[in-house]
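# Overview (structure and organization)
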Amino acid sequence: MKLNTHLQSLLPFLWLLVIPVLNIFYMVLNHGGEQVYNLMTDLDIAIPFLPVFIIPYVLWYPFLLGVFVLLCLRNRSIYYQTLLAVVLGLLGSYFIYYVFQTTVPRPELHGNGILIQMVKGIYTLDGPYNCFPSIHVLTSYLLWIGARSCHAIPSSVKIMIGAMSWSIILSTFFVKQHALLDAIGAIVLAEIAFRFAALLLRQLFGYRPAISVRHAEEQQKPMP
């Protein structure tokens, strides 16, 4: 009986495993093809390469997990809406990668400092494709929306989440992983996914999630 109780309490967190499973599609699509587009603009070229921004870039991984856990503990409805929005956003991104593959030119790396080594590691693990839209921007922006929608999260924590989200978004430019259009596309997709997730959950479970931050509600029908 006690074991069943523990399993039920862990079930909401287990849904997070959908994200690494979907990441398989990212890896499959992360290569060049017959036609690969470059969305870099003059403004992108003018943005300097700053290795120090690799720190918030790699902090995206624990940040993603930490905010999802916080949302799950504070407001289950917002948690499910944000998670579903991320899943929808990932699926939309993978479809775009399949039909419209893009790349971002990477700078030559010089030196052996720890920051340069971290950049080299990211460049090795992640090919210079699957750029539009940016997954880092998509997920960071959605987590920020989710946190802002949750009244149970203190304002000071929301500020920290927002600061971290935008630091990660900016880092994608300064470590030359993405172009400005990659971020714009990701933000537009995130806004659509967050609202569509609300509509899906309303139809499937009959409750009223947050259509947007403006219409966020604290009292919502509990999810299983």
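Structure's up top.
Reading guide: rules and limits
Residues numbered from 1 in each chain as written. Predicted model: local features only at pLDDT ≥ 70, side-chain atom pairs only at ≥ 80, totals over all residues. Heavy atoms only, no water. Helix = DSSP H or I, 4+ residues; strand = E, 2+ residues; numbered from the N terminus. Buried < 20%, exposed > 50% of the residue type's maximum accessible area, 1.4 Å probe, protein only. Areas by Shrake-Rupley, 256 points an atom, 1.4 Å probe, with all protein chains shown as cover. Core = buried A, V, L, I, M, F, W, Y, C linked by side-chain atoms within 4.5 Å. Contact = heavy atoms within 4.5 Å. 1 Å grid on protein atoms, 1.4 Å probe; cavity = no way out; pocket = protein on both sides within 12 Å on 5 of 7 lines; lining within 4 Å. Points joined across faces, edges and corners; volume = space filled by probe spheres on them. Salt bridge = Lys/Arg side-chain N within 4 Å of Asp/Glu carboxyl O. Axes fitted to C-alpha atoms, helices over the stretch in contact; angles between N-to-C directions. Parallel < 35°, antiparallel > 145°, perpendicular 65-115°, else oblique. Left-handed = near helix turned anticlockwise from the far one by under 90°. Phe/Tyr/Trp six-rings, centres within 6.5 Å; stacked < 30°, edge-to-face > 60°.

This part covers the overall build of the protein chain. The number of helices and strands found in the protein chain is 10 helices and 2 strands. When its helices and strands are written in sequence order, the protein chain yields α-α-β-α-α-α-α-β-α-α-α-α. Looking at the protein chain as a whole, 45% of its 224 residues qualify as buried. Approximately 11700 Å² of the protein chain is accessible, and the part contributed by carbon and sulfur atoms is 70%.

A few words now on the nonpolar core. The nonpolar side chains of a soluble globular protein tend to be buried with one another. Ranked by internal contacts, the top residues of the largest apolar core, which has 47 residues, are F68, Y79, L90 and L138. Of all the elements in the fold, those that place two or more residues in this core are α2 (18-29), α5 (60-74), α6 (76-99), α8 (135-149), α9 (155-174) and α10 (180-205). At 10 residues, α6 tops the list of elements feeding residues into this core. Every residue in contact with L138, bar those within four places of it in the chain, is listed here: G89, L90, S93, A186, L189 and A190.

Counted as a void, the largest pocket has a volume near 670 Å³. Residue lining of the largest pocket: 25 residues in total, with I19, N23, W60, Y61 and I135 positioned closest to the centre.

Quick look at empty space enclosed by the protein now. Evaluated as defined, the whole model comprises 1 cavity of 30 Å³ or more. Of the volumes computed, that of the largest cavity is approximately 50 Å³.

This next bit is on the pattern of salt bridges. Pairs can form between side chains of opposite charge whenever their charged atoms are close. Applying the stated criterion across every chain yields a total of 1 salt bridge. Between R195 and E191 there is a salt bridge, with the nearest N and O atoms lying 2.5 Å from each other. Here the residue R195 and the residue E191 both occupy positions in helix α10, the gap between them amounting to 4 residues, near one helical turn. Since its relative accessible area comes to 34%, R195 is described here as partly exposed. Residue E191 is classed as partly exposed on the basis of its relative accessible area of 25%.

On to the packing of α8 against α9. Contact geometry of α8 with α9 gives a least axis separation of 9 Å together with a crossing angle of 165°. By the angle class used here, α8 and α9 are roughly antiparallel. Read as a crossing pair, α8 and α9 show a hand that is left-handed. Here H136, V137, S140, Y141, L143, W144, A147 and R148 of α8 come into contact with α9, specifically with K158, I161, G162, S165, W166, I168, I169 and T172.

A few words on the packing of aromatic side chains. Going through the model one piece at a time under the given rule, you end up with 12 aromatic pairs. A ring pair is formed by Y37 and F100, whose centres lie 4.6 Å apart and whose planes are at 20°; its orientation type is stacked. Residue Y37 is found in strand β1 (residues 37-38), and its partner F100 is found in the loop between α6 and β2 (102-103); the two are separated by 63 residues along the sequence. A relative accessible area of 25% means that F100 is categorised as partly exposed. Note on F68 and Y79: the rings are 6.1 Å apart at their centroids and 90° apart in plane angle, and the pair reads as edge-to-face. Linking F68 in helix α5 with Y79 in helix α6, this pair joins segments that are 11 residues apart in sequence.

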